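Listed below, chain by chain, are the residues.
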Amino acid sequence: MSKPLFSQGRSAVALLVVAASTLVGIAVNEGYKDEAYIPVRGDVPTIGFGTTMGVKMGDRTTPERSLIRLLDEIEGVYAAGVRRCVTVPLYQHEYEAYVSLAYNIGVAAFCRKALPGRPPNLIDLLNAGRYAEACARIEAFKYGPGKKVLPGLVKRRAKERALCEGRVTDLQQDSSPGTGDLAG
């Protein structure tokens, strides 16, 4: 089971809000591009700090507009989606990890329950109170279009899992033992 980073207990997910460090961590992990692009073959147009909603090739943005849009999308879409489908209390660090994951894979994929007779999905594990297994399941989301394992997603999922498990305090830290912060 995950341990708290501080002396707080798990809270009802409806009471949690995204920390500034998570917003920054997502922005750093996504990187910034001022013009719409396709991140990997078969993906959708992306702009700013990983925004895909309503983006068309040829669109342009600024860092300021992109940060505002990122904050609006994180709270209004992704954090709201996590709050909607998680039914158990979470530590703040677990919540941060799940919001980051939902931002990258989408709310529908994060909230997708397993079909009857199939192994449980992440949300099934989480809502059953199987916290450690749910944190570990984060690493399953490492595939890009065409079911190809993407090294960048492997690295990002390791950071999200470490955050979920309380082994790091934010998404900018390295989850490898003894390596400290990721600087660049």
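This structure is a prediction, so every number in the text was calculated from the model and none was measured.

*Asks:* Would you take a moment to explain the overall build of the protein chain for this structure?
*Replies:* Counting secondary structure elements, the protein chain contains seven helices and two strands. For the protein chain, the sequential pattern of α-helices and β-strands runs α-β-β-α-α-α-α-α-α. Across the 184 residues that make up the protein chain, the buried fraction comes to 41%. The long-range share in the protein chain, meaning contacts at least 24 apart out of those at least 6 apart in sequence, stands at 55%. Total accessible area computed for the protein chain in this model is approximately 9600 Å², and 57% of it derives from carbon and sulfur atoms.

*Asks:* Would you mind going over unusual backbone geometry with me for this structure?
*Replies:* Leaving glycine out, the prevailing phi sign among residues is negative, and the prevailing peptide bond configuration is trans. One non-glycine residue, lysine 147, lies in positive phi territory at about 60°. If you trace the backbone, lysine 147 turns up in the loop between helix H6 (131–137) and helix H7 (151–164). On the accessibility criterion, lysine 147 (66% relative accessible area) is exposed.

*Asks:* Where do I start with the state of the cysteines in this structure?
*Replies:* The term disulfide refers to a covalent linkage connecting the sulfur atoms of a pair of cysteines. Taken as a whole, this structure holds two disulfides when the rule is applied. Across a sulfur-sulfur distance of 2.0 Å, cysteine 135 and cysteine 164 are joined as a disulfide pair. The sign of the -65° torsion about the S-S bond sets the cysteine 135-cysteine 164 disulfide as left-handed. Of this pair, cysteine 135 sits in helix H6 while cysteine 164 sits in helix H7, and the two are 29 residues apart along the sequence. Taking relative accessible area as the criterion, cysteine 164 reaches 0% and is therefore assigned buried.

*Asks:* Just checking my understanding: could you explain H7 for this structure?
*Replies:* Note on helix geometry: an α-helix contains 3.6 residues per turn, so any two residues three or four positions apart are oriented the same way. Under the 1.5 Å per step criterion, the end-to-end length of H7 is 20 Å for 14 residues, consistent within 8% with the ideal 20 Å. Residues of H7 that are buried include every one of Leu153, Arg156, Arg157, Ala158, Lys159, Glu160, Ala162, Leu163 and Cys164, and no others. Elements in contact with the buried residues of H7: helix H1 (20–30), helix H3 (92–105) and H6. Just downstream of H7 lies glycine 166, where phi reads positive at about 80°.

Cut-offs and rules
- Each chain has its residues counted from 1, running along the sequence as written.
- In view of the model being predicted, local features appear only for residues whose pLDDT reaches at least 70, and side-chain atom pairs are presented and counted only at 80 or more, with totals across whole chains, interfaces and linings using the full set of residues.
- Heavy atoms throughout the structure, all of them, feed into the side-chain values; hydrogens and water do not.
- Only runs of H or I of at least four residues qualify as helices and only runs of E of at least two qualify as strands under DSSP, and these elements are numbered from the N terminus.
- Residue burial is assigned from relative accessible area. The probe radius is 1.4 Å, only protein chains are included, and a residue is buried under 20% of its type maximum, exposed over 50%, and partly exposed in between.
- Working rule for contacts: check all heavy atoms of both residues, and any pair within 4.5 Å makes them a contact.
- In short, Shrake-Rupley with a 1.4 Å probe defines the accessible areas, and a residue's cover is counted only from the protein chains shown.
- Any cysteine sulfur atom paired with another within 2.5 Å is treated as part of a disulfide.
- Expected helix span is computed as 1.5 Å times (number of residues minus one).

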